[in-house]
Amino acid sequence: MKKSLLFLVFVSFSILCNAQTDAEIKPFIVKGYEVLHKENGDLNKDGKSDCLLILKVKDEDKKTENEVPRPLLILIRQPDGKLKQVARNDKVVLCYQCGGVFGDPFSDITIKNGYFSIEHYGGSSWRWTRIITFKYNPTDKKWYLHKDGSDSFHTSEPDKVETKVKTTKDFGKVLFENYDVNKE
């Protein structure tokens, strides 16, 4: 009996938290778009839960034009507890059709200690991953490209992985808002 009651309380709390979160991000969803992915974490190292929000065009899988933008929004928790959009980039998440036979290449986002990474995976006979990492700069309160890494291999030789990693030594100081996945 106690386990059943505890389970019901947990499920009810989870549903309530998700409903609050959905209501909280709703104002940031651009007309004609919907949420592709949402990740919570401390993006600016202030101890508060912020949010990365990736949007996609509704029914993007039915669109015929290539490279429909997928905006990535950085939402920061304010002192009053509300989220505020502080940055946006429409060219950091690969398009729905950019993954080859694997389809949508977007895989995940991770947030850790003032860094966040966008992860992609795709290919056909040649498989590839791409992980793009941004780092928070507390001086100007902005995020900058920290690392852009990729692995690739041919399915006939999966042990021969080619790894490429570019850092600030290679690309300099690139502001999150100015980054273009297709030009880097």
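- Going by the annotation in an unreviewed UniProt entry, the name recorded for the chain is Lipoprotein, with Xanthocytophaga flava given as the source organism.

**So, the pattern of salt bridges**
- Following the criterion strictly, the structure yields eight salt bridges and no others.
- With a closest N to O distance of 2.3 Å, Arg77 and Glu24 form a salt bridge. In this pair, Arg77 sits in strand E3 (residues 72-77) while Glu24 sits in helix H1 (residues 2-25), placing the two residues 53 residues apart along the sequence.
- On the accessibility criterion, Arg77 (17% relative accessible area) is buried.

**Brief notes about the nonpolar core**
- Ranked by internal contacts, the top residues of the largest apolar core, which has 25 residues, are Leu72, Ile74, Phe116, Ile118, Phe134, Trp143 and Phe176.
- Here Phe176 is in contact with Leu72, Ile74, Ala87, Arg88, Asn89, Val92, Phe116, Phe134, Trp143 and Tyr144, once residues within four sequence places are set aside.
- Membership of the second largest hydrophobic core comes to eleven residues, among which are Cys51, Leu55, Val68 and Leu73.

**Brief notes about the confidence of the model for the chain**
- Scored by pLDDT, the chain comes out at a mean of 87, with 85% of its residues at no less than 70.
- Ignoring residues within four places in sequence, the model shows residues 2-20, a span with pLDDT below 50, making zero contacts including any to other chains.

**Considerations on the pairing of strand E6 (residues 115-123)**
- Across six bridges, strand E5 (residues 106-112) lies against E6 in antiparallel orientation. Opposite Ile109, over in E6, you have Ile118 as the bridge partner.
- Here E5 hands over to E6 after two residues, with Asn113 in that stretch at a positive phi of 55°.
- Pairing of E6 with strand E7 (residues 126-137) involves nine bridges; the strand directions are antiparallel. Each residue of the ladder has a partner; that of Glu119, found in E7, is Ile131.
- Hairpin connection, E6 to E7: the antiparallel pair is bridged by two residues.

**So, the packing of aromatic side chains**
- Inspection of the entire model under this criterion finds five aromatic pairs.
- Between Phe116 and Phe134 the ring centres are 5.3 Å apart and the planes differ by 25°, which places this aromatic pair in the stacked class. With Phe116 in strand E6 and Phe134 in strand E7, the pair connects residues that are 18 residues apart, well separated along the chain.
- For Phe116, a relative accessible area of 0% corresponds to the buried category.
- An aromatic cluster of three or more residues is present, and its members are Phe116, Phe134, Phe176 and Tyr179.
- Just above the ring of Tyr144 sits the side chain of Lys173; from NZ or CZ to the centre is 4.8 Å.

Calculation criteria
Residues numbered from 1 in each chain as written. Predicted model: local features only at pLDDT ≥ 70, side-chain atom pairs only at ≥ 80, totals over all residues. Heavy atoms only, no water. Salt bridge = Lys/Arg side-chain N within 4 Å of Asp/Glu carboxyl O. Helix = DSSP H or I, 4+ residues; strand = E, 2+ residues; numbered from the N terminus. Buried < 20%, exposed > 50% of the residue type's maximum accessible area, 1.4 Å probe, protein only. Core = buried A, V, L, I, M, F, W, Y, C linked by side-chain atoms within 4.5 Å. Contact = heavy atoms within 4.5 Å. pLDDT = per-residue confidence, 0-100. Pairing = 2+ DSSP bridges. Phe/Tyr/Trp six-rings, centres within 6.5 Å; stacked < 30°, edge-to-face > 60°. Lys NZ or Arg CZ within 6 Å of the ring centre and 35° of its normal.

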